[in-house]
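# Coordinates in review
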Amino acid sequence: KTMNDLRDRWLAQAQQRLIDLRGTGKGWAYRSPGIPAAEPTALAAIALLSINPESKISLELASISAEWLTSIQRSDGAVGLSEEMRTPEWPTPYALLLWSILGRSSSSVERAKSWLLGHQGLVFQKPPGSPLGHDTTIAGWSWVDQTHSWLEPTAITLLALRRAHASDHSRVKEGVSLILDRAIPDGGWNF
């Protein structure tokens, strides 16, 4: 067998496994069986589209997932963890990324963009002699409201905002600065 045959077989198996893990619910859960949650739903739908964007079932499940995420979006634009857990709001960029990949142009996209651009992690001046090795005055995004900026939520938010055509916004530029600031000289990032 060729490498392409092996790759195609593996991708088909991965696609089927993702579909099977979804079950009959509205989206994917953190573990199966479970209650659908925003992050695994968005990521699984994005993965299906990445595996085979031409697949009718992948597109259908991604669209259903996008609609479900829209249904749990709060009026202020944020997306909580699930239907029952409306906070914290860190899944918002995952939903925005899926909506943008699908080419959705809607009030949900605009509200999510606005919410993300209006939120930031806490910034503060380091006291003299602080052991913190990063610039605490750069605002990125945090996991939970009213906490310090972290690399991962900043990175996924930047991907989502760039995909949603907000690359030139000053918050996006500041988020890039945070990522550069948190880089470790020997490689990797201080997440």
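In the block above lies the structure referred to throughout.
Described in the following lines is the structure provided in the data block. (Residues numbered from 1 in each chain as written. Predicted model: local features only at pLDDT ≥ 70, side-chain atom pairs only at ≥ 80, totals over all residues. Heavy atoms only, no water.)

Following the sequence through the fold, His134 ends up in the loop between helix 5 (107-117) and helix 6 (151-163). Owing to a relative accessible area of 10%, His134 belongs among the buried residues under this scheme. Polar side-chain contacts of His134 include one of 3.4 Å to the side chain of Arg182. (Helix = DSSP H or I, 4+ residues; strand = E, 2+ residues; numbered from the N terminus. Buried < 20%, exposed > 50% of the residue type's maximum accessible area, 1.4 Å probe, protein only. Polar contact = N/O pair within 3.5 Å; in protein donor to acceptor, adjacent residues only side chain to side chain.)

This paragraph deals with the pattern of salt bridges. Taken as a whole, this structure holds six salt bridges when the rule is applied. Between Glu110 and Lys113 there is a salt bridge, with the nearest N and O atoms lying 3.6 Å from each other. Of this pair, Glu110 and Lys113 both sit in helix 5, separated by three residues, roughly a single helical turn. With relative accessibility at 14%, the residue Lys113 sits in the buried group. For Glu174, the salt bridge identified is with Arg171, shortest N-O distance 3.7 Å. Here Glu174 and its partner Arg171 are both found in helix 7 (residues 170-181), three residues apart, which amounts to about one turn of the helix. Salt bridges sharing common partners tie together Arg74, Asp76 and Glu89. (Salt bridge = Lys/Arg side-chain N within 4 Å of Asp/Glu carboxyl O.)

Turning to the environment of Ser65, a few remarks are in order. Among the structural elements, Ser65 can be located in helix 3 (residues 56-72). Spatially, the C-alpha atoms of Ser65 and Leu43 are 9.9 Å apart, while their sequence positions differ by 22 residues. In contact with Ser65, not counting residues within four places along its chain, are Trp28, Thr41, Ala45 and Leu98. (Contact = heavy atoms within 4.5 Å.)

So, about the packing of aromatic side chains. As enumerated under the stated definition, the model contains two aromatic pairs in all. Arranged with centres 6.4 Å apart and planes meeting at 80°, the rings of Trp90 and Tyr94 form a pair that is edge-to-face. Neither Trp90 nor Tyr94 differs from the other in exposure class; each is buried. Consider the rings of Trp90 and Trp143, whose centres lie 5.4 Å apart with planes at 90°: the pair is edge-to-face. Pair noted here: Trp90 is in the loop between helix 3 and helix 4 (92-101) and Trp143 is in the loop between helix 5 and helix 6, with a separation of 53 residues, a long-range link. On the accessibility criterion, Trp143 (25% relative accessible area) is partly exposed. Its end group placed over the ring of Trp28, Arg22 keeps NZ or CZ at 5.6 Å from the ring centre. Sitting over the face of the ring of Trp141, Arg171 holds its NZ or CZ atom 4.0 Å from the ring centroid. (Phe/Tyr/Trp six-rings, centres within 6.5 Å; stacked < 30°, edge-to-face > 60°. Lys NZ or Arg CZ within 6 Å of the ring centre and 35° of its normal.)

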